[in-house]
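# Geometric and topological summary
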Amino acid sequence: MPIRLFLLILLSVGLSAAVQLSLKVGITAARTGRVAGVGSELWSMLLSPMVILGLGLYGVGALLWLFVLGRVQLSLAYPFVGLGFILTMLAGALVLNEPLGFSRVAGACLIIAGCVLVARTA
């Protein structure tokens with residue numbers, strides 16, 4: 001796989017993790033101090049700047065992923081989506097102080113091993 005396409009895959013996966021972090025921060029901020037009610041809660045979520053940013057990044061990431069899929073075999077590109085789980089987990093731990101247990105770290109290592117094996121087949 002050409003390095004350019006590999007970097008585009010990593011960028012797309014990185015954007016996916018940034019989307020999840022942005023949405024989580026936006027939803028958490030929108031829910032803080034709100035009176036319970038589906039309509040008002042949904043409205044405040046939709047107007048959250050971080051949610052809007054996350055949805056925008058999601059669109060950019062989707063377009064980038066389409067570009068990648070047009071140039072790489074699906075069976076080669078798609079396993080790298082698993083790296084998004086790892087990046088999202090790390091972002092949650094580093095930015096949101098979410099706990100990382102042994103099982104999560106072990107699972108992340110298995111995902112990394114799988115991505116390395118898939119990349120080696122290219």
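Per chain, residues are indexed from 1 in the order of the written sequence. In keeping with the predicted nature of the model, local features appear solely for residues at pLDDT of at least 70, side-chain atom pairs appear and are counted solely at 80 or more, and the whole-chain, interface and lining totals rest on all residues. Side-chain descriptors were evaluated using all non-hydrogen atoms of the structure, hydrogens and water having been removed beforehand.

## Concerning the environment of Gly61
To be explicit about the condition: Runs of H or I in DSSP of at least four residues are treated as helices and runs of E of at least two as strands, each being numbered from the N terminus. Burial classes: relative accessible area under 20% of the type maximum marks a residue as buried, over 50% as exposed, and values in between as partly exposed (1.4 Å probe, protein chains only). Contacts are assigned to residue pairs with any non-hydrogen atoms lying within 4.5 Å of each other.
Of note, Gly61 is situated in helix α3 (residues 49-69). Residue classification places Gly61 among the buried residues on the basis of a relative accessible area of 11%. Between the C-alpha atom of Gly61 and that of Ala91, which follows or precedes it by 30 residues, the distance is 17 Å. Discounting residues that sit within four places of it in the chain, Gly61 has contacts with Ser12 and Leu15.

## Concerning the packing of helix α1 (residues 3-31) against helix α5 (residues 82-96)
Describing two packed helices takes the angle between their axes plus the distance from one axis to the other. For the record, the criterion: The axes are straight lines fitted to the C-alpha atoms, using for helices just the contacting stretch, and the angles between their N-to-C directions are given from 0 to 180°. Angles below 35 degrees are treated as roughly parallel, those above 145 as roughly antiparallel, those between 65 and 115 as roughly perpendicular, and all remaining angles as oblique. Crossings are assigned a handedness: left-handed for a near helix turned anticlockwise from the far helix by less than a right angle, right-handed for a clockwise turn. When residues are grouped by polarity, Ala, Val, Leu, Ile, Met, Phe, Trp, Tyr, Cys and Pro land in nonpolar, Asp, Glu, Lys and Arg in charged, and all others, Gly among them, in polar.
Where α1 contacts α5, the two axes come as close as 9 Å, and the packing angle between them is 40 degrees. One way to sum up the angle between α1 and α5 is to call them oblique. Taken as a pair, α1 and α5 cross one another with a handedness that is right-handed. Where α1 abuts α5, its residues Leu10, Val13, Gly14, Ala17, Gln20, Leu21, Lys24 and Val25 lie against Leu83, Gly84, Leu87, Thr88, Ala91, Val95 and Leu96. Considered class by class, the residues forming the contact of α1 with α5 number 10 nonpolar, 4 polar and 1 charged.

## What to know about the state of the cysteines
As a reminder of what qualifies: The definition used for a disulfide is geometric: two cysteine sulfur atoms within 2.5 Å.
Throughout the structure, instances matching the rule amount to 0 disulfides. Cys109 forms no disulfide, and the closest cysteine sulfur to it belongs to Cys115, at a distance of 12 Å.

## Focus: the confidence of the model for the protein
What counts here: How sure the predictor is of each residue is captured by pLDDT, a score from 0 to 100.
Of all residues in the protein, 93% attain a pLDDT of 70 or more, and the chain-wide mean is 88. Across the protein, the secondary-structure element scoring lowest on mean pLDDT is helix α2 (residues 38-46), at 74, and the one scoring highest is α3, at 94.

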